[in-house]
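Survey of secondary and tertiary structure
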Amino acid sequence: MKKRIFITLLTLPLLYILLACIHIKKKKQPNIIFILSDDLKWGDIGCFGQKIIRTPNIDRLATEGIRFTQAYCGNAVSAPSRSTLMQGKHPGHARVRDNMFRGYRESLQPEDFTVASFLQQNGYKTGIFGKWGLSNHDQPGLPNDKGFDEFFGYLNQQHAHTFYPEFLYHNKERVYYPENEEQYKLEYYSKTSRYDENGVCHPNGIKDPGKGKYSFDEYASRSRDFIRNNKDHPFFLYLAYTLPHGPLIVPELGEYARENWPVPHKELAAMITRMDTEIGRVLNLLDSLDIADNTLIVFASDNGNPGDKERSVKYNGSEFPSLTDFFNSASPTRGGKGDTYDGAFHVPAIARWTSVIRPNQVSDHLWAFWDFFPTVADLIEVAPPADLDGISFLPTLLGKPQKQHDYLYWEYNRNRIIRSGKWLFHRSNGGFNELFDLTEDPQQVVDLKEKYPELTEKFVQYAREAHTPSDVYPSPEETPEAFAERLKREGIPERINNISVY
């Protein structure tokens, strides 16, 4: 009897170990949320230095995770930036390389594989809410055909300029908002709307402001439903927010209504805080469902600073600085949206995963949007496609040794840009090279190509090897005539203007 009791006591710890191993094996794969803000400036949020606009929930992400000081978006404008994020490829290989070319918007094609498709194939429920930007309704590349189980929002970037839209898409069907009346027309949405003494917006073209449906609120609410519906299943949620992209408009100015600022300054602040409040709702929902610890959240902006050429404005007899100057939100490096210097790509970014990432970290790891796909693959321990350009930054999240890129590569408007260590190489469409030391010269004023000719030539070679010609966009240094001739040789017909096709 004593021997039997001894054997039982001896085997109990082994039994517990076996059960623990089974539990670990059965543990649900982590949820993944990527929050992409639209046209958010470097310094628009508190954790990146903002002193006036209040962003407590985004700041919470940074406090509970990692704030990245050397993170880079996919490109200098919206659509190509999103293409790199979805495809895991840099702009020399990604499908979409500009918002448009000569009035034609390119879309993802049937052969283009996305991170959403990858996760869907590996058992994830997938959803996108907000702005897709990688197809019109009559093109291949619709979200539901590119790995997303559910989509609610905008397809076309121009359509996303209307915050009180005529319709939004739920998957492939249009959801109409007759209560928005005519606000979606350019003559109304392109002009500043009136705000009453309480800071409530009276949108142009809507008779009863209380009935208007603000698109951000519509798709944000549905994104929370997606979380609730998939709380017991691993999910990938792409929150492609349209805030604070212009034209600026917000249902109410909230805490900024009484400020003696110009209306656009109040609108921008209120839009950013509204986005922050929604992020707070998402965080609270994850907490209430007890899935926060098993959810990786990545937050970033889709391109570098917009509005570098903003002018000062007069209001109530006083002259106010531009939005960028007033809020002191410019990137620490020269460049902004639509150009091709460092600030065009350098964006604020944060990652939080409370059960894994040590809180309150600051990382100078150099990564770009095309690193997200391989990071996700690393996270779920499934080999990614072999043709990706990215490198997983999961080791950085885990506090482990991190492999580095030899260089990050962008091309935009036929210019080529390389970031390698402290160096920024810029080659203009005309073939003029520039080399800058970003550590010593963040404004990229002192050209060092003559001082470092061998390094410059190495970057020239990197730029050449990184580019694959596109049949939609001219290659760097390719003349329009040469491009047209190339398409003719390849039998590619002239493309129609589809910029306003939603």
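Given the structure is predicted, the values throughout are model-derived calculations rather than measurements. Note that residues are indexed from 1 along each chain, following the sequence as it is written. Thresholds applied to this predicted model are a pLDDT of at least 70 for local features of residues and 80 or more for the giving and counting of side-chain atom pairs; totals over whole chains, interfaces and linings are not thresholded and use all residues. The basis for the side-chain values is all heavy atoms of the structure; hydrogens and waters are excluded.

In terms of regular secondary structure, the protein chain is built from twelve helices and 19 strands. Based on C-alpha atoms, the radius of gyration is set beside the globule rule, defined as 2.2 Å times the residue count to the power 0.38. What you see for the protein chain is a C-alpha radius of gyration of 24 Å, in line with the 23 Å of a compact globule of 502 residues. Seen through its C-alpha atoms, the protein chain measures out along the principal axes to roughly 95 × 65 × 50 Å. It only takes one pair of heavy atoms within 4.5 Å for two residues to be counted as in contact. Partitioning the contacts of the protein chain with sequence separation of at least 6, the portion at a separation of at least 24 is 68%. Accessible surface is estimated by sampling points in the Shrake-Rupley manner with a 1.4 Å probe; for residues, cover comes only from the protein chains shown. Carbon and sulfur atoms make up 51% of the accessible area of the protein chain, which totals about 21,900 Å². Residues counted as positive are Lys and Arg, residues counted as negative are Asp and Glu, and His and the chain ends are not counted. The atoms used to mark charge sites are NZ of Lys, CZ of Arg, CG of Asp and CD of Glu. Of note, the protein chain has its 59 positive side-chain charges centred 5 Å away from the centre of its 66 negative side-chain charges. A run of DSSP states H or I qualifies as a helix once it reaches four residues; a run of E qualifies as a strand once it reaches two. Both are numbered from the N-terminal end.

A word on the environment of valine 250. By secondary structure assignment, the location of valine 250 is in the loop between strand 9 (235-240) and helix 7 (263-288). Leave out the neighbours within four places in its chain, and valine 250 touches Tyr164, Tyr195, Cys201, Tyr214, Glu267, Ala270, Met271 and Arg274.

Here the aromatic set is Phe, Tyr and Trp, taking the six-membered ring for Trp, and pairing holds for ring centres within 6.5 Å; pairs whose planes are under 30 degrees apart are stacked, those over 60 apart are edge-to-face, and all others are tilted. Considering all chains together, one arrives at 36 aromatic pairs under this definition. Ring plane angle 85 degrees and centroid distance 5.9 Å describe the contact between phenylalanine 226 and phenylalanine 235, whose orientation is recorded as edge-to-face. Taking 4.7 Å as the distance between ring centres and 20 degrees as the angle between the ring planes, the aromatic pair formed by phenylalanine 345 and tryptophan 410 counts as stacked. Linking phenylalanine 345 in the loop between helix 8 (323-327) and strand 13 (346-352) with tryptophan 410 in strand 16 (residues 408-412), this pair joins segments that are 65 residues apart in sequence.

To continue, consider the sheet that holds strand 19 (residues 433-437). Pairs of strands are assigned from DSSP output, requiring at least two bridges between the strands. What the four strands build is an open sheet, ordered 16-17-18-19; its pairing is antiparallel. Edge strands, defined here as strands with exactly one partner in the open sheet, are strand 16 and strand 19. Within the sheet, the average angular offset between the axes of one strand and its neighbour, ignoring direction, is 15 degrees. Two strands pair when backbone bridges link them, and strand 18 (residues 423-427) and strand 19 are joined in this way by five bridges, in the antiparallel orientation. Paired with arginine 427 across the strands is asparagine 433, a residue of strand 19. Seen against the sheet, helix 11 (residues 453-466) touches strand 16, strand 17 (415-420), strand 18 and strand 19 and runs at an angle of roughly 65 degrees to strand 18. Axis definition: a line fit to C-alpha positions, over the contact stretch in the case of helices; interaxial angles, taken between N-to-C directions, run 0 to 180 degrees.

Our focus in this paragraph is unusual backbone geometry. For the bond from leucine 243 to proline 244, the omega torsion is 0 degrees, close enough to zero to count as cis. Structurally, proline 244 can be placed in the loop between strand 9 and helix 7. Cis rather than trans, the peptide bond between glycine 246 and proline 247 has omega equal to 0 degrees. Note on placement: proline 247 falls in the loop between strand 9 and helix 7. Even without being glycine, asparagine 316 reaches a positive phi, approximately 50 degrees. Despite not being glycine, asparagine 413 has its phi angle at roughly 55 degrees, a positive value.

Moving on, we get to the packing of helix 6 (residues 215-229) against helix 7. Viewed as axis vectors pointing N to C, helix 6 and helix 7 meet at an angle of 15 degrees, and their least axial separation amounts to 10 Å. Taken together, the axes of helix 6 and helix 7 are roughly parallel relative to one another. The two elements helix 6 and helix 7 meet at a crossing, and its hand is right-handed. Only Arg274, Met275, Glu278, Arg281, Val282, Leu285 and Leu286 of helix 7 make contact with helix 6, whose side of the interface consists of Phe216, Asp217, Ala220, Ser223, Arg224, Ile227 and Arg228. Residues that form the contact of helix 6 with helix 7 fall into these classes: seven nonpolar, one polar and six charged. Roughly parallel here means an angle under 35 degrees, roughly antiparallel means over 145, roughly perpendicular means 65 to 115, and every remaining angle is called oblique. Left-handed is the label given to a crossing in which the near helix is rotated counterclockwise from the far helix by less than a right angle, and right-handed is the label when the rotation is clockwise. Lys, Arg, Asp and Glu make up the charged group, whereas Ala, Val, Leu, Ile, Met, Phe, Trp, Tyr, Cys and Pro make up the nonpolar group; the residues left over, Gly among them, are polar.

Okay, helix 9 (residues 372-380) next. Judged by how many residues are buried, helix 9 sits mostly within the fold: eight of nine residues are covered. In the segment just after helix 9, glutamate 381 is the residue with positive phi, at about 60 degrees. Partly exposed describes any residue whose relative accessible area lies between the buried limit of under 20% and the exposed limit of over 50%, with all areas from a 1.4 Å probe on protein chains only and scaled to the type maximum.

Okay, the state of the cysteines next. Put simply, a disulfide is two cysteine sulfurs that come within 2.5 Å. Counted according to the given criterion, the structure contains zero disulfides. Looking at cysteine 47, it has no disulfide partner, and the nearest cysteine sulfur is the one in cysteine 73, 17 Å off.

Moving on, we get to the pattern of salt bridges. In what follows, salt bridge is the name for a side-chain nitrogen of Lys or Arg lying within 4 Å of a carboxyl oxygen of Asp or Glu. The final tally for this structure, using the stated rule, is 26 salt bridges. For lysine 337, the salt bridge identified is with aspartate 39, shortest N-O distance 3.0 Å. Within this pair, whereas lysine 337 is found in the loop between helix 8 and strand 13, its partner aspartate 39 is found in the loop between strand 1 (31-37) and helix 2 (56-63), the two being separated by 298 residues in sequence. Note on lysine 337: relative accessible area 30%, which makes it partly exposed.

In this structure, serine 81 sits in helix 3 (residues 78-87). The buried category is assigned to serine 81, whose relative accessible area is 1%. Discounting chain neighbours no more than four positions away, the residues touching serine 81 are Cys73, Gly74, Asn75, Asp302 and Phe369.

Turning next to the pairing of strand 18. Counted residue by residue, strand 18 has five buried out of five residues, so it is predominantly covered. Alternating positions in strand 18 separate into two faces, Trp423, Phe425 and Arg427 on one and Leu424 and His426 on the other, with burial throughout. In terms of strand pairing, strand 17 meets strand 18 through five bridges, oriented antiparallel. In the sheet register, arginine 416 faces strand 18, and the bridge partner there is arginine 427. Counting the residues between successive antiparallel strands, the hairpin from strand 17 to strand 18 contains two residues, one of them, glycine 421, with a positive phi of roughly 60 degrees. Linking two consecutive strands that pair antiparallel, namely strand 18 and strand 19, is a turn of five residues; a positive phi of about 90 degrees is found at glycine 431 within it.

Bear in mind that shape data such as this cannot, by itself, settle questions of function.
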